[in-house]
Structure formats: C-alpha cells, structure tokens
Amino acid sequence: MAIETQAPESKFAFVVVASRRARQLMLGAVPLVANPRSHKPTRVAVEELGAGVLEYQLPVIPGETEDKEGKRRKD
C-alpha cells in the first residue's frame, strides 16, 4: 500500500478518508492547513484533502492492480 496525498478519484473513497479525518479533528487533532476557512471538522478535512496535505492509505482490493501513475484498475 502506498501513502497518497492527492484526493482520491473515487467519490466513495473521498468521503471515507474525509470522514475519518473529521473524526480525528473532533477528537482534538490539529488542522494541517494554516488558516482553515471553517471551524467545522468535516469542512476542514475536505480542505486538507483538496490542499494535498493529508496522507492516507487505501487498502488493496484483490483483483485490482495499479498502473504506472498509481491509478487502480480491475484485472
């Protein structure tokens, strides 16, 4: 599994990553963006994903491979 910083292309993966980060922010984590536009954890998480400052890993799904750009493809 590679550590990624760009926002996931899949809308489902985007929501999962953003919601996990929002939970971390609600529990007291410090925002990774200098001046977040909002104080709401979900909006800060989305802003962090858009800025590319959030590191995350997506699980590898059996039957899927990654091409040279790191995009996932079904076999």
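Let me begin by describing the structure that accompanies this report. (Residues numbered from 1 in each chain as written. Predicted model: local features only at pLDDT ≥ 70, side-chain atom pairs only at ≥ 80, totals over all residues. Heavy atoms only, no water.)

**Notes on helix α1 (residues 11–26)**
Now for step 1: Under the 1.5 Å per step criterion, the end-to-end length of α1 is 22 Å for 16 residues, consistent within 8% with the ideal 22 Å.
Now for step 2: Of all the positions in α1, only A13, V17, A18, R21, A22 and L25 are classed as buried. Down the axis of α1, the smallest arc covering the buried residues is 165 degrees, so these residues share one side. Residues F12, V15, R20 and M26 are exposed on α1 and point more than 90 degrees away from its buried face.
Now for step 3: On its buried side, α1 packs onto α2 (41–51).
Now for step 4: One or two residues past the end of α1 sits G28, with phi positive at roughly 110 degrees. (Helix = DSSP H or I, 4+ residues; strand = E, 2+ residues; numbered from the N terminus. Expected span 1.5 Å × (residues − 1). Buried < 20%, exposed > 50% of the residue type's maximum accessible area, 1.4 Å probe, protein only. Arc of directions from axis to C-beta. Contact = heavy atoms within 4.5 Å.)

**Notes on the pattern of salt bridges**
Now for step 1: Within this structure, the stated rule accounts for 1 salt bridge.
Now for step 2: With a closest N to O distance of 2.6 Å, R21 and E48 form a salt bridge. Of this pair, R21 sits in helix α1 while E48 sits in helix α2, and the two are 27 residues apart along the sequence. Comparing R21 with E48 shows no difference in burial state: the two are buried. (Salt bridge = Lys/Arg side-chain N within 4 Å of Asp/Glu carboxyl O.)

**A look at the packing of α1 against α2**
Now for step 1: At a minimum axis distance of 8 Å, the contact between α1 and α2 shows a crossing angle of 125 degrees. By the angle between their directions, the pair α1 and α2 is classed as oblique. Remark: the crossing between α1 and α2 carries right-handed chirality. Within the contact between the two elements, α1 uses F14, V17, A18, R21, A22, L25 and M26 and α2 uses P41, T42, V44, A45, V46, E48 and L49. (Axes fitted to C-alpha atoms, helices over the stretch in contact; angles between N-to-C directions. Parallel < 35°, antiparallel > 145°, perpendicular 65-115°, else oblique. Left-handed = near helix turned anticlockwise from the far one by under 90°.)

**Points about the environment of A7**
Now for step 1: Relative to the elements of secondary structure, A7 occurs in the segment before α1.
Now for step 2: Classification of A7 by relative accessible area gives partly exposed; the value is 34%.
Now for step 3: A C-alpha to C-alpha distance of 9.5 Å links A7 and Y56, two positions 49 residues apart in sequence.
Now for step 4: Those residues in contact with A7 that lie beyond four places of it in its chain are F14, L49 and Y56.

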